[in-house]
Every structure is written in C-alpha cells, then in structure tokens.
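Residue-level structural notes
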Amino acid sequence: MNEIIKNIEAEQLKAEVPEFKVGDTVKVYGKIKEGNRERIQVFEGIVLKKQGGGARATFTVRKNSNGVGVEKTWPLHSPNVEKVEVVRHGKVRRAKLNYLRGRVGKRAKVKELVK
C-alpha cells in the first residue's frame, strides 16, 4: 500500500524545483482563475518557512501590503505555481522566521547575503 502512494506522489512532482532558502526574497507567479479566464499574479515577499517533503512540501511567503502583513502558503509542486524567482538571498540563522510577524518597518528586514 505504501509503494502505491509513493508512486502516485512521484508522478505529481515537478521536474524542476526552484532553489531558494528561508530568508530569501522571492517572487511567486501564481495562477488565478476569474470566471472562465486565467491570469498570473505576482506575490513578492520573504520566505518565512519551508516544510514538508515530496508532493506535500510547502513554503510560506510574507509581504507588507499597505502597512498590513500578508502571508500566503504555497504548495511547492502545485500546478497553480507557475514559477518562483529569487530576487535576493537573505542571511538568516533560523529555519523558521516567525519573529518577523511581530516586527514593523526596518526591524522587519532581513540582511542580504553577500558572497
């Protein structure tokens, strides 16, 4: 029974998974259906966390919109996620950046990773 589930999930995985980490600023190109039309909307923000594995892997992106924090959780292998583009790499020391939720303005920034 376990092998059947693994085979089904393996078929649903994307061939090319974007390479990004927690703390990176990313642009997520998501498909949105409005009636019978379909368009792509860009959601740009900082990756707060990545969790799960395989077909169930998700990542959460947070942005400030008109002074209000907006978070969205995206499935990594979803057909509704067109692509994920890394804008800049962040320098963080944690796996989950939950502390950013309580911060406003400059304190809510993540330092850029300089290579």
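Anything mentioned here points back to the structure above.
Below is a summary of the structure that appears in this document. None of these values were measured; they are calculated from a predicted model.

1. A closer look at the pairing of strand 4 (residues 68-75)
Here strand 3 (residues 58-65) runs beside strand 4; their pairing, made up of eight bridges, is antiparallel. Paired with Asn64 across the bridge in strand 4 is Gly69. Following strand 3, the chain reverses through two residues before pairing antiparallel with strand 4; Asn66 in that reversal takes a positive phi of roughly 55°.

2. Observations regarding the pattern of salt bridges
This structure, assessed with the given rule, holds six salt bridges. The closest approach of N and O atoms between Glu9 and Arg56, which form a salt bridge, is 2.7 Å. One end of the pair, Glu9, is in helix 1 (residues 2-12); the other, Arg56, is in the loop between strand 2 (37-51) and strand 3, and 47 residues separate them in sequence. We note a salt bridge from Lys31 to Glu82, for which the minimum N-O separation is 3.6 Å. Taken together, the residues span a long stretch of sequence, with Lys31 in strand 1 (residues 25-34) and Glu82 in strand 5 (residues 81-88) at a distance of 51 residues. Three or more residues joined by partner-sharing salt bridges are found here, namely Arg62, Glu71 and Arg101.

3. Focus on the nonpolar core
Among the nonpolar cores identified, the biggest contains twelve residues, and these are Phe20, Val26, Val28, Phe43, Val47, Ala57, Phe59, Val61, Trp74, Leu76, Val81 and Val84. Going through the elements one at a time, strand 1, strand 2, strand 3 and strand 5 are the ones with two or more residues in this core. Not counting the four nearest positions on each side in its chain, Val28 is found in contact with Gln41, Val42, Phe43, Phe59, Val61, Trp74, Val81 and Lys83. Core analysis: the next-biggest nonpolar cluster, separate from the first, contains six residues, Leu48, Leu97, Leu100 and Val110 among them.

4. A look at the side chain of Thr25
Relative to the helices and strands, Thr25 is located in strand 1. Setting aside anything within four residues of it in sequence, one finds Thr25 in contact with Glu44, Gly45, Ile46, Glu85, Val86, Val87 and Arg88.

Thresholds applied
- Residues numbered from 1 in each chain as written.
- Predicted model: local features only at pLDDT ≥ 70, side-chain atom pairs only at ≥ 80, totals over all residues.
- Heavy atoms only, no water.
- Pairing = 2+ DSSP bridges.
- Helix = DSSP H or I, 4+ residues; strand = E, 2+ residues; numbered from the N terminus.
- Salt bridge = Lys/Arg side-chain N within 4 Å of Asp/Glu carboxyl O.
- Core = buried A, V, L, I, M, F, W, Y, C linked by side-chain atoms within 4.5 Å.
- Buried < 20%, exposed > 50% of the residue type's maximum accessible area, 1.4 Å probe, protein only.
- Contact = heavy atoms within 4.5 Å.

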